[in-house]
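One letter stands for each residue in the lines below.
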Amino acid sequence: MNERKKGRATAWLVGAACCLLSASSAQAGGATLNANSVQGKKLSIDGWLKEWSGFTKLSHTLKGSPGGDRASAALAYDAKALYVAVTIKDDQIVRTPAMGANEDRVEVSLVVPKSGGGYTTYDLWLFSGVPGKSAGAVKLGGKRAVPGAKIVESATDGGIDIEASIPWRSLPATSKLRVGLHGAVRYVDYASGKQKAIIGTSDARGGFALPPLRFENEQGLDRSLLSPKGLGPNPDKAVYGNITGDAQLEQVALYGGFLTIVGSGYRGGKQFFFKDLSVKDASMVPYLELEDLTGDGRAEILLRKRVGAADSYREYLEVMSLSDKGEPFIAFEHETAIVSADGKIQNKVSLKTVGGKKAIVIADDVAEGWDQGSFREAQQSEMGATLLPWEGIAERSFGWDGKQFKQLGEKKGKPRLTSAGSAPKSGSKAAGPPPPPAPRPPTADELQDQVYALYRKSRKVGKAKPRFDFVTNVYGGPEMERVLVHGLDVVVFGTGYRGGTGFAYITLPAKAPSPPRTSRGMAKRRSSSGPPSRRRRARSLAASSSSAMRCSSTKSARSL
């Protein structure tokens, strides 16, 4: 998709996962297991654990009483295999040539998500051999031997060390997905013909109840985002699909109000992306899916997010795609709902085939509380606006034309009123007094007040006064623009900017500065001389922050 047209700039934070082997962090219900990459390194499966570090104690007792017996485990991986190291303190290792259910063993449980929902579980039983006498074995569920697996043990003072490798090809569910896994390690201890105890890294029995098993990119995400923000190790929502076009699937997940991308093939499996969606938490993102909308074999990210409060918000559909360099950008966006204490208008979003192409369909749906006379909400002009029931548009469809998303078609519908109004039948006389005349359109100054009010409402500024408020030419046209600073937001709007119906703001990535010690008049409106280059202004403004320019707009009162 070399010719994809990038939509409005999007602020992303990128991080590289560190290769440091570190101990797993403790979580409720067990310890999160960290598997560390040994790609390009030599790891000998010889029973000697001198190359290993970052062991996690099997500190949870699932059954019985282990007494003084104890164990610790560590995991590693490369492109070919998963590696397991376990050190056990047990002066009586129970094992037989049968390697059956009634003898000592290490159990490794792996839970692999499915792209369509659910998961696949692999229970690997590791039986040590007798040093110098018999070989050990790795069995799937205690039954058949795992093809290509290797296990070697070595006797220690009061116990045994085990080192094993399990090829990924023997675990088919991991052939395309090695992210978002859960797992645990257990030691099953027998003595005198009876089961003595089961100890493990978690007391959970299986499924997604097991703690996460994180690879290096996920560990980097935890260090850079989850831990600093106090977010848990499990995503609030997660979907899986091929968004890069390689042989592996990626995980696109929500942690709180952050959207993340992680994958074993994404940026070499060592980098990740996360984006602040500027919402309170994951409950404000009711829809998250992956779907190939361009026909290039790479899925786009579709989400609906609600900006505002739980009972008063604007909802937007965003379609995000990845460039050939793996950089996410917004390829399409459309407002889909307006909700307040006065009313609710909600459009329906669906995917259909239109003209042989996969299309996004926005359709008129729920409408409560408002009619065309009482509706006074500002409407979008920078993107598609929410379809209003009295506009007579049943649905609009949008699809990829090879370069960008464009409107494919529109279906007309019968204009309708909401429960707040009533529609007279065609050809009949309206009952009661005639309707009042349509309100006059706002003046230019009144419209600017509406734009400013829209900014205050969307950013929850309240009655706070701006730190700076002045007039200058930042757009390059004949009119001047008003520039304000609210906290860390730099806001721009004006009669000639975006048709006089919209604003733009950028959030500076720094601590809010105190106003300079100048006279009050310096903070008043002041004008500059001469229109600067629009392109040069845009570059300097974009370079001042890693945040994206965010835009909103309003229409005149005639259409409200």
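Up top is the structure these notes are about.
Computed from a prediction, not measured in an experiment: that's the story for all the values here.

Tallying secondary structure elements over the protein gives three helices and 34 strands in all. Looking at the protein residue by residue over its 560 residues, the buried ones come to 48%. Long-range contacts, defined here as pairs at least 24 residues apart, represent 60% of the contacts in the protein between residues at least 6 apart. Counting only carbon and sulfur atoms, one obtains 52% of the accessible surface of the protein, whose full area is about 26700 Å².

What follows concerns the packing of aromatic side chains. Per the counting criterion, the structure on display carries 16 aromatic pairs. Plain terms: the ring middles of tryptophan 370 and phenylalanine 375 are 5.2 Å apart, the flat faces sit at 90° to each other, and that makes the pair edge-to-face. Neither residue differs from the other here; tryptophan 370 and phenylalanine 375 are each classed as buried. Its guanidinium or amino end placed over the ring of phenylalanine 127, lysine 139 lies 5.8 Å from that ring's centre, counting from NZ or CZ.

As a further point, take the sheet that holds strand β15 (residues 182–191). If you trace the seven strands from one edge of the open sheet to the other, you get β6-β16-β15-β9-β10-β11-β12, paired in antiparallel fashion. Looking along the sheet, the strands with just one partner apiece sit at the ends: β6 (60–64) and β12 (144–145). Note that strand β11 (residues 137–140) and β12 share two bridges and pair antiparallel. Looking across to β12, one finds that leucine 140 is bridged to arginine 144.

Basis of the calculations
- Residues numbered from 1 in each chain as written.
- Predicted model: local features only at pLDDT ≥ 70, side-chain atom pairs only at ≥ 80, totals over all residues.
- Heavy atoms only, no water.
- Helix = DSSP H or I, 4+ residues; strand = E, 2+ residues; numbered from the N terminus.
- Buried < 20%, exposed > 50% of the residue type's maximum accessible area, 1.4 Å probe, protein only.
- Contact = heavy atoms within 4.5 Å.
- Areas by Shrake-Rupley, 256 points an atom, 1.4 Å probe, with all protein chains shown as cover.
- Phe/Tyr/Trp six-rings, centres within 6.5 Å; stacked < 30°, edge-to-face > 60°.
- Lys NZ or Arg CZ within 6 Å of the ring centre and 35° of its normal.
- Pairing = 2+ DSSP bridges.

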